[in-house]
Each structure stands twice: as C-alpha cells, then as structure tokens.
Amino acid sequence: MGCFIVFEGIDGCGKGTMLSLAAKWLFSMEFDNILLTREPTYSGIGKQIRSILKSDTNPIEKAKIMLSLYIEDRKEHVEKVIKPALRLNSIILCDRYKYSTMCYQHAQGIPIEKIIVAHKRMLVPDLVLVLDVDVEIAMARMSLERKKKEKFEHRDFLKEIRETYLEIPKLLPDENIKVIDANRSTDEVFDSVKREISKVLKD
Ligand code: TYD
C-alpha cells in the first residue's frame, strides 16, 4: 500500500540529515522503492516560492500570497508525485508538508485555524516526525553549514515556529505525529527516527 512519511522542524533541526539516513537505512533492508521528495518543490510554483524566499527582504508582508503559493505547490505535489508513488507502493520520505505552513505562515501572522481548514481535504501522512530542537542549537548548526540564507533564521521567529510545532499534536489529534528530541547526537536522534518508522511499516 505504500507509506507516506513526513519530516518536519525548524530550520537547522537536522531533518535533511535524518531524511537521507532513513533512506539509506531502508534501502539496506528489503525495500527497493523509496522516494525522497520535498516542499517547496523544485517545479513550477515551488521554484517561484524559492526565488521569493531568496530575494525578498521581508516575506512577512507577502504572507497571504505565500500561503496560497505553498498550498498550490502542495496540491500539485500530492497529485502528481505523492499519490502516484503511493499507488506504486513506494515509501515516501518527504521533507516538509502542511505542518510547515501551519508553523511558518502562522508565525507570519496567518491564523492557524485558517491554515488547518485550507488543508482539510488534503492527504494525511502515515507518520509525521517533528524534529524538535532548541533554537540556539538550530542556529549554531545553521551557522556551521551556512547554506541557509532564507528569512526565517531570526531567533524570535524560530522560537515561535518551534512552539507551534509542539502544539501540532494537540491541534491534529487524529494524525500520527511524533515529536522527537533532536537536541541529542545524530545516532541517538536517528535511533528514535528508526523506531517510529519501523512501527508504522509494521502496521
Ligand atoms: P527548507 O526545508 O529549508 O528548504 P531546503 O532545505 O530544501 O532548501 O524550506 C525552505 C523554507 O521554506 C524554510 O525556511 C521554511 C519555508 N516554508 C514555509 O514557510 N512554508 C511551507 O509551507 C514550507 C513547505 C516551507
């Protein structure tokens, strides 16, 4: 039947690392149909989003436009990539999904209920892993990598986003959302990731 797994968290939480470790680990087992994908995508609307994120000095002013772009990009991603892959029994590992919109666009001033309603009929993942990390640790990781140049790096912004991530399991009690302590070493965090993925693949 396939399996749709989402990785979430603030910038610098380490989800990119966990996603690729998870892909390698699954591939080393009996799975041969693994899809790595992400949002914003790198196709039409996603590309537009990424160029706005890179160029804009203040995307907050554009919150409403950004919200609709993220949702459009996601709808297309679900219909053209995720659903077809599920039909082929793929294990899908997706870097960000609707939970990013709930946390980031809420931090840009959009009411969270509005964002939840906008996603009402959208595909629900089998598992959502929220990598929860202290904002100071995330910022230190980002300055080490120095590959992030988007606008959400500011401490207070990230703090607000992290708080909303921690609220999400309560806001969406019917979804399978696991918060993982990502302040630990890569090995320890990955052990927790493996445990949660194993549970959902057994179901
Ligand atoms: P990110 O995962 O950092 O992209 P990558 O590592 O692939 O370059 O995502 C880019 C930014 O987009 C990130 O700062 C969070 C933001 N974002 C939103 O604000 N809303 C959303 O719905 C999504 C998917 C991302």
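All figures in this text were calculated on a predicted structure; none of them were measured in a lab.

Caption draft 1: Spotlight on the nonpolar core. By size, the foremost hydrophobic cluster in this structure holds 58 residues, and its most contacted members are Ile-5, Phe-7, Ile-10, Tyr-99, Val-193 and Ile-197. Here this core gets 7 residues from one element, more than from any other, and that element is helix α3 (residues 63–87). When near neighbours in sequence (up to four residues on either side) are disregarded, Tyr-99 contacts Val-6, Glu-8, Pro-125, Val-128, Tyr-165, Ile-168, Leu-172, Glu-175 and Ile-177. Membership of the second largest hydrophobic core comes to 7 residues, among which are Ile-52, Leu-53, Met-66 and Tyr-70.

Caption draft 2: View of the environment of Gln-108. The residue Gln-108 is located in the loop between α4 (98–107) and α5 (112–118) in this model. Measuring from C-alpha to C-alpha, the distance between Gln-108 and Asn-89 comes to 37 Å, with 19 residues separating the pair along the chain. At a separation of 3.0 Å, a polar atom in the side chain of Gln-108 contacts the side chain of Gln-105.

Caption draft 3: Structural detail: the packing of α4 against helix α7 (residues 155–171). Two numbers describe how α4 lies on α7: the axes approach to 9 Å, and their chain directions differ by 135°. Between α4 and α7, the angle is such that the two are oblique. Crossing hand, α4 versus α7: right-handed. Of the residues in α7, those in contact with Tyr-99, Ser-100, Met-102, Cys-103, Tyr-104, His-106 and Ala-107 of α4 are Phe-157, Glu-160, Ile-161, Thr-164, Tyr-165, Ile-168 and Leu-171. Residues belonging to the contact of α4 with α7 are distributed by class as follows: 10 nonpolar, 3 polar and 1 charged.

Caption draft 4: Up close: the sheet that holds strand β4 (residues 127–132). Strand order in the open sheet formed by 5 strands is β2-β3-β1-β4-β5, with parallel pairing between adjacent strands. A strand with exactly one partner marks an edge of an open sheet, and here the two such strands are β2 (34–38) and β5 (177–181). The mean inter-strand angle of the sheet, taken between neighbouring strand axes irrespective of direction, is 20°. Pairing geometry for β2 and strand β3 (residues 91–95), over 5 bridges, is parallel.

Caption draft 5: Representation of the packing of aromatic side chains within the structure. Counted according to the given criterion, the structure contains 3 aromatic pairs. Summarising the aromatic geometry, the rings of Phe-4 and Tyr-97 are spaced 5.1 Å apart at their centres and angled 85° between planes, so their arrangement reads as edge-to-face. With a gap of 93 residues between them, Phe-4 in strand β1 (residues 3–8) and Tyr-97 in the loop between β3 and α4 connect regions that are remote in the sequence. We classify Tyr-97 as buried; its relative accessible area is 0%. Both rings, one in Tyr-97 and one in Tyr-99, keep their centres 6.3 Å apart while their planes meet at 50°; by these two values the pair is tilted. When sorted by exposure, Tyr-97 lands in the same class as Tyr-99, which is buried. Every member of this aromatic cluster is reached through a ring pair, and the members are Phe-4, Tyr-97 and Tyr-99.

Conventions adopted
- Residues numbered from 1 in each chain as written.
- Predicted model: local features only at pLDDT ≥ 70, side-chain atom pairs only at ≥ 80, totals over all residues.
- Heavy atoms only, no water.
- Core = buried A, V, L, I, M, F, W, Y, C linked by side-chain atoms within 4.5 Å.
- Buried < 20%, exposed > 50% of the residue type's maximum accessible area, 1.4 Å probe, protein only.
- Helix = DSSP H or I, 4+ residues; strand = E, 2+ residues; numbered from the N terminus.
- Contact = heavy atoms within 4.5 Å.
- Polar contact = N/O pair within 3.5 Å; in protein donor to acceptor, adjacent residues only side chain to side chain.
- Axes fitted to C-alpha atoms, helices over the stretch in contact; angles between N-to-C directions.
- Parallel < 35°, antiparallel > 145°, perpendicular 65-115°, else oblique.
- Left-handed = near helix turned anticlockwise from the far one by under 90°.
- Nonpolar A, V, L, I, M, F, W, Y, C, P; charged D, E, K, R; others polar.
- Pairing = 2+ DSSP bridges.
- Phe/Tyr/Trp six-rings, centres within 6.5 Å; stacked < 30°, edge-to-face > 60°.

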